[in-house]
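Notes for the structure review
Single-letter residue listing:
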Amino acid sequence: MLAAVATHGDLFIKNCITKHLECITAKVVEMGAHAVETNGDCIHVWCDERTSKTNIRTSPYPGFPTDLQPQMGVVLSLSNGTSIINESIWESRFQYTDELNKMGAKITAQGKSAVFEGVKTLYGSPVYATDLRAGAALIIAGIAASGVTEIYNLEHIDRGYENIEEKFKNIGADIKRVSIDE
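First, a word on what this report is: a plain description of the structure on this page. The model shown is predicted, which means the values in this text are computed figures rather than measured ones.

1. Concerning the overall build of the protein
- Helix and strand counts for the protein come out as seven helices and nine strands.
- With the C-alpha coordinates aligned to their principal axes, the bounding extent of the protein is approximately 45 × 35 × 30 Å.
- For the protein, restricting intrachain contacts to residue pairs at least 6 apart in sequence, the fraction spanning at least 24 positions comes to 64%.
- Surface summary for the protein: the accessible area is close to 9,500 Å², and the carbon and sulfur share equals 49%.
- Measuring between centres, the 17 positive side-chain charges of the protein sit 5 Å from its 23 negative side-chain charges.

As C-alpha cells, then:
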C-alpha cells in the first residue's frame, strides 16, 4: 500500500482483512492518496499527486503499527510539508533515516521522534538495511528514487520477506538481486 503511495502507483491488494488496515488506509486518505475497499476483501490504492504532510504516533493495534513506520517514513520524505513520527513502541526504529538522508531526504531523528521535511525527489545511492523493516523501506525508497539504488545487508530483508524482489517485479518495479561477485 505504501509503495503505491510513494511511487504514485496504482495497486489492488487482494485477500486481506480490510478492517485490520483501517488505520493505514485512513492515513493514506488523509494525505491525499486513495484507498477504497472493494469486494469486502480488497483495497484499491492509488496516488495521483504528491501527498500532504501528516503526523503519526505508533501504538498497538488498532493504532498505527510500528512495523510500518519506516515505510511510512519514505512516504513522508516525499510529501509536501513537515511531518512528525513519534515512535512509542520500539527503541532505535529510526536507524533507517540516516540511509534515507543519503538519498536526499531531510530527516532529523532524535530519541523517539523524527521530523520529515518533504523533498520532491529521492536519488539513488548505496544504502544499508539496518533491520527487516528498514530494508523494506529502503526498497520502496529505491523504487521511488531517481537513479540506481544499491541496498546492502539483504540478510535482514530475507529473514522476513521471501522473494521480495519478485513480488516487487510483479507490481512493475525495476528491481533485481545481484551478487557482490557479479
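So that's the structure; there's more coming.
2. Describing the layout of surface pockets
- Size it by volume and the largest pocket reaches roughly 750 Å³.
- Lining the largest pocket are 25 residues; nearest its centre among them are Thr149, Glu150, Ile151, Ile175 and Lys176.
- With four residues, the single largest contributor to the lining of the largest pocket is helix H5 (residues 132-144).
- Residue composition of the lining of the largest pocket, by class: 14 nonpolar, five polar and six charged.

3. Details of the pairing of strand E6 (residues 106-110)
- Where E6 lies against strand E7 (residues 113-117), five bridges are found, and the strand directions are antiparallel. Residue pairing for E7: threonine 108 is matched across the bridge by valine 115.
- As consecutive antiparallel partners, E6 and E7 are separated by two residues, and within that stretch glycine 111 has a phi angle of approximately 65°, a positive value.

What counts, and at which threshold
Residues numbered from 1 in each chain as written. Predicted model: local features only at pLDDT ≥ 70, side-chain atom pairs only at ≥ 80, totals over all residues. Heavy atoms only, no water. Helix = DSSP H or I, 4+ residues; strand = E, 2+ residues; numbered from the N terminus. Contact = heavy atoms within 4.5 Å. Areas by Shrake-Rupley, 256 points an atom, 1.4 Å probe, with all protein chains shown as cover. Lys, Arg positive; Asp, Glu negative; His and termini not counted. Charge placed at Lys NZ, Arg CZ, Asp CG, Glu CD. 1 Å grid on protein atoms, 1.4 Å probe; cavity = no way out; pocket = protein on both sides within 12 Å on 5 of 7 lines; lining within 4 Å. Points joined across faces, edges and corners; volume = space filled by probe spheres on them. Nonpolar A, V, L, I, M, F, W, Y, C, P; charged D, E, K, R; others polar. Pairing = 2+ DSSP bridges.

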